[in-house]
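# Analysis of the macromolecular model
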Amino acid sequence: MSTMQDEFLSAEDLDLRHLSDEELIAYWNLWLEQAQGTNDADEFEYAHGVFMHDPTAARKLKEVSEAQAR
């Protein structure tokens, strides 16, 4: 009996050692662009520590809104 595993990438996707330097850089840049695309949506969120959101986020959002209104 095999155990279930959460796998999001195939074995081929994880086989980085057989990629050329150009392919590795292309995948890295693609991942980086995708990761940077969520910066605005999760600006005040983090999963490290005991908080799910930055405790000062409400104040920061208010300051940003006021600055944009000027």
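Look up: the structure comes first, before these words.
This brings us to the environment of Tyr 27. By the element assignment, Tyr 27 lies in helix H2 (residues 21-36). Residues Tyr 27 and Asp 13, 14 residues apart in the sequence, show an inter-C-alpha distance of 9.8 Å.

Among the surface-exposed residues, Asp 40, Asp 42, Glu 43 and Glu 45 lie close enough to one another that they form a single negatively charged patch. With respect to the helices and strands, Asp 40 occurs in the loop between H2 and helix H3 (57-69).

Together, Trp 28, Trp 31 and Leu 32 give the surface a local cluster of nonpolar side chains, amounting to about 340 Å² of exposed area. Within the fold, Trp 28 resides in helix H2.

Cut-offs applied
- Residues numbered from 1 in each chain as written.
- Predicted model: local features only at pLDDT ≥ 70, side-chain atom pairs only at ≥ 80, totals over all residues.
- Heavy atoms only, no water.
- Helix = DSSP H or I, 4+ residues; strand = E, 2+ residues; numbered from the N terminus.
- Patch = residues over 30% accessible without salt bridge, like charges linked within 9 Å, V, L, I, M, F, W, Y side chains within 5 Å.
- Areas by Shrake-Rupley, 256 points an atom, 1.4 Å probe, with all protein chains shown as cover.
- Salt bridge = Lys/Arg side-chain N within 4 Å of Asp/Glu carboxyl O.
- Lys, Arg positive; Asp, Glu negative; His and termini not counted.
- Charge placed at Lys NZ, Arg CZ, Asp CG, Glu CD.

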